Amino acid sequence: MIAPDDAFKEFAEEFFEKEYKDVVIYGDFDEDEVLHEGPIRIQANGWIELPAGRLISPTAIHHLNIIEK
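This write-up is about the structure you can find in this document. (Residues numbered from 1 in each chain as written. Predicted model: local features only at pLDDT ≥ 70, side-chain atom pairs only at ≥ 80, totals over all residues. Heavy atoms only, no water.)

### Brief notes about the nonpolar core
Then, in step 1: One finds Tyr20, Val23, Ile25, Ile40, Ile48, Leu50, Ile56 and Ile61 forming the largest nonpolar core, which totals eight residues.
Then, in step 2: Counting residues per element, this core draws most heavily on strand 1 (residues 18-26), which supplies three residues.
Then, in step 3: The contact partners of isoleucine 25, leaving out residues within four places of it in the chain, are Glu33, Val34, Leu35, His36, Ile40, Ile48, Ile56, Ile61, His63 and Leu64. (Core = buried A, V, L, I, M, F, W, Y, C linked by side-chain atoms within 4.5 Å. Buried < 20%, exposed > 50% of the residue type's maximum accessible area, 1.4 Å probe, protein only. Helix = DSSP H or I, 4+ residues; strand = E, 2+ residues; numbered from the N terminus. Contact = heavy atoms within 4.5 Å.)

### Things to note about the pattern of salt bridges
Then, in step 1: One pass over the structure, following the stated rule, counts two salt bridges.
Then, in step 2: As a salt-bridge pair, arginine 41 and glutamate 17 come within 2.4 Å of each other at their nearest N and O atoms. Taken together, the residues span a long stretch of sequence, with arginine 41 in strand 2 (residues 34-42) and glutamate 17 in the loop between helix 1 (4-15) and strand 1 at a distance of 24 residues.
Then, in step 3: Overall, the relative accessible area of 23% leaves arginine 41 in the partly exposed class.
Then, in step 4: The class for glutamate 17 is buried, based on a relative accessible area of 17%.
Then, in step 5: The salt bridge partner of glutamate 49 is arginine 41, with a shortest N-O separation of 3.0 Å. (Salt bridge = Lys/Arg side-chain N within 4 Å of Asp/Glu carboxyl O.)

### Examining the sheet that holds strand 4 (residues 55-56)
Then, in step 1: Taking strand neighbours across the sheet as the criterion, the five strands line up as 4-3-2-1-5 in an open arrangement whose pairing is antiparallel. Edge positions in the sheet fall to strand 4 and strand 5 (63-68), since each of these pairs with one other strand and no more. (Pairing = 2+ DSSP bridges.)

### Focus: the side chain of serine 57
Then, in step 1: Here serine 57 is to be found in the loop between strand 4 and strand 5.
Then, in step 2: The exposure class assigned to serine 57 is buried, which follows from its relative accessible area of 18%.
Then, in step 3: In terms of polar contacts, serine 57 uses its side chain to reach the side chain of threonine 59, at 2.8 Å. (Polar contact = N/O pair within 3.5 Å; in protein donor to acceptor, adjacent residues only side chain to side chain.)

Nothing here speaks to function; it is all geometry.
Following this line, the structure appears as structure tokens:
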């Protein structure tokens, strides 16, 4: 038997979390403020996880360009 939290985590990882190999994340409309370039993982809660384990809040991001999935 698995705990409900574990079941949700597995469900969220499979259906809501996405990984991309090459992305540019911008903090502004004019694309002057680059927050990150490279691979990311979008968590189910909307936070962006960087390879080093750092997280970027969805409220800090204006938009992102996905270059390669």
